[in-house]
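# Overview (structure and organization)
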Amino acid sequence: MLKWALIFLVVSLVAGALGFSGIASGARSIAKVLFGIFLLIFILFILLAWGAGELIF
């Protein structure tokens, strides 16, 4: 999930540098959504591990 968010971030930066503002804004919004989902899943796993009494690290 984080890999795809980074890919869309790079696509957004390249498209923005080349002047394709529509594509850049679309890729940026997709990257933000994917990163948000990744962050929620990560926090959920941390809380589940803490609740089970095990350390992930």
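You'll find the structure just up there.
Residues numbered from 1 in each chain as written. Predicted model: local features only at pLDDT ≥ 70, side-chain atom pairs only at ≥ 80, totals over all residues. Heavy atoms only, no water.

Moving on, we come to the overall build of the chain. A count of helices and strands for the chain gives two helices and zero strands. Expected size for 57 residues packed as a compact globule is a radius of gyration near 10 Å; at 16 Å, the chain overshoots this value by more than 25%. Considered along the principal axes of its C-alpha atoms, the chain spans approximately 50 × 15 × 10 Å. When burial is assessed residue by residue, the chain has 14% of its 57 residues classed as buried. Total accessible area on the chain stands at roughly 4600 Å², and carbon and sulfur atoms take up 80% of it. (Helix = DSSP H or I, 4+ residues; strand = E, 2+ residues; numbered from the N terminus. Rg over C-alpha atoms; globule rule 2.2 N^0.38 Å. Buried < 20%, exposed > 50% of the residue type's maximum accessible area, 1.4 Å probe, protein only. Areas by Shrake-Rupley, 256 points an atom, 1.4 Å probe, with all protein chains shown as cover.)

Turning next to a nonpolar patch on the surface. Together, Leu2, Leu6, Leu9, Leu13, Phe35, Leu39, Phe42, Ile43, Leu47 and Trp50 make up an exposed nonpolar region whose accessible area comes to about 1000 Å². At the level of elements, α1 (2-18) and α2 (21-52) are the ones that each hand at least two residues to the nonpolar patch. The greatest single-element share of the nonpolar patch, amounting to six residues, is contributed by α2. Counting through the fold element by element, Leu39 comes out in helix α2. Exposure remark for Leu39: the relative accessible area of 36% places this residue in the partly exposed category. (Patch = residues over 30% accessible without salt bridge, like charges linked within 9 Å, V, L, I, M, F, W, Y side chains within 5 Å. Salt bridge = Lys/Arg side-chain N within 4 Å of Asp/Glu carboxyl O.)

Now for the packing of aromatic side chains. By the definition in use, this model includes two aromatic pairs. An angle of 35° between the planes, with centres 6.3 Å apart, marks the rings of Phe35 and Phe38 as tilted. Taken together, the positions of Phe35 and Phe38, both in helix α2 and three residues apart, correspond to about one turn of that helix. Here the aromatic cluster, defined as three or more aromatic residues joined through ring pairs, consists of Phe35, Phe38 and Phe42. (Phe/Tyr/Trp six-rings, centres within 6.5 Å; stacked < 30°, edge-to-face > 60°.)

In this section: the side chain of Ser12. Along the chain, Ser12 turns up in helix α1. With relative accessibility at 10%, the residue Ser12 sits in the buried group. Once residues lying within four places of it in the same chain are set aside, the contact partners of Ser12 are Ala24, Ala27 and Arg28. (Contact = heavy atoms within 4.5 Å.)

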